[in-house]
Amino acid sequence: KTFGKGLELVWSPNNDYAVRETPGKLVLFNNFVESGVLKMSTPAEKIFGGYLLCAACAGGQLCFIDWASGQVVRRIDVDARAVYWNETGSKVAVCTGDSVFILKYHQRLVQQVLSSASSAGQPIDEIEDAFEVVD
């Protein structure tokens, strides 16, 4: 349905996808139509799909990004090698070289904050309570 250049491609559960064209540029697609371009202030070394788009950035930072808005939901200081979501999107496993962290994702809270910010026309920096460490 489409073609183009890219270093990586990842999917969301809703058939949105993202392409890492360069370390500094992520392109979001919805129904095979470009829906947004994210210019990364810190180069993305790897991306992961799931309920949120995840970008492992240089310097050991993992950015969770909302698929629809392109808004950074939360940044976590961790050198992630893999990110795995459960089937419902309520939990995510962040894997490093020697550890696995299980986080609970507060999707309803995140959607409320993003919706309120969008309605008010105000950008948000990030949502501190988006995740809770479970294990």
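Everything that follows concerns the structure shown earlier in this document.
Please read all numbers here as calculations on a predicted model, not as lab measurements.

Draft legend 1. Summary view of the sheet that holds strand E11 (residues 100-105). Within the open sheet, the four strands sit side by side as E9-E10-E11-E12. Their pairing is antiparallel. Of all the strands in the sheet, just strand E9 (82-85) and strand E12 (131-133) have a single pairing partner and so form its edges. Going from strand to strand, the sheet's axes swing by 30° on average, the running direction of each strand aside. Sheet topology note: the strand E10 (residues 91-95)/E11 ladder contains five bridges and is antiparallel. Within E11, the position partnered with Ala 93 by the bridge is Ile 102.

Draft legend 2. Highlighting the layout of surface pockets. By volume, the largest pocket amounts to about 190 Å³. Taken together, Ser 12, Pro 13, Asn 14, Asp 16, Tyr 51, Leu 52, Asp 66, Trp 67, Ala 68, Tyr 105, Gln 107 and Gln 111 make up the full set of residues lining the largest pocket. Within the lining of the largest pocket, the residues separate by chemical class into six nonpolar, four polar and two charged.

Draft legend 3. Here's a closer look at the pairing of E11. Linking E10 back to E11 in an antiparallel pair, the connection comprises four residues. Pairing of E11 with E12 involves three bridges; the strand directions are antiparallel. For Tyr 105, the partnering residue across the bridge sits in E12 and is Phe 131.

Draft legend 4. Summary view of the packing of aromatic side chains. Tallied over the entire structure, the rule returns nine aromatic pairs. Their ring planes at 55° and their centres at 5.8 Å tell us that Tyr 51 and Trp 85 sit as a pair that is tilted. In this pair, Tyr 51 sits in the loop between strand E5 (44-48) and strand E6 (53-57) while Trp 85 sits in strand E9, placing the two residues 34 residues apart along the sequence. Arranged with centres 5.5 Å apart and planes meeting at 80°, the rings of Trp 85 and Tyr 105 form a pair that is edge-to-face. Of this pair, Trp 85 sits in strand E9 while Tyr 105 sits in strand E11, placing them 20 residues apart in sequence. You can call Trp 85 buried: its relative accessible area is 16%. Given a relative accessible area of 5%, Tyr 105 falls into the buried group. Taken together, the ring pairs in this structure connect Tyr 51, Phe 64, Trp 85, Tyr 105 and Phe 131 into an aromatic cluster.

Thresholds, definitions, all that
- Residues numbered from 1 in each chain as written.
- Predicted model: local features only at pLDDT ≥ 70, side-chain atom pairs only at ≥ 80, totals over all residues.
- Heavy atoms only, no water.
- Pairing = 2+ DSSP bridges.
- Helix = DSSP H or I, 4+ residues; strand = E, 2+ residues; numbered from the N terminus.
- Axes fitted to C-alpha atoms, helices over the stretch in contact; angles between N-to-C directions.
- 1 Å grid on protein atoms, 1.4 Å probe; cavity = no way out; pocket = protein on both sides within 12 Å on 5 of 7 lines; lining within 4 Å.
- Points joined across faces, edges and corners; volume = space filled by probe spheres on them.
- Nonpolar A, V, L, I, M, F, W, Y, C, P; charged D, E, K, R; others polar.
- Phe/Tyr/Trp six-rings, centres within 6.5 Å; stacked < 30°, edge-to-face > 60°.
- Buried < 20%, exposed > 50% of the residue type's maximum accessible area, 1.4 Å probe, protein only.

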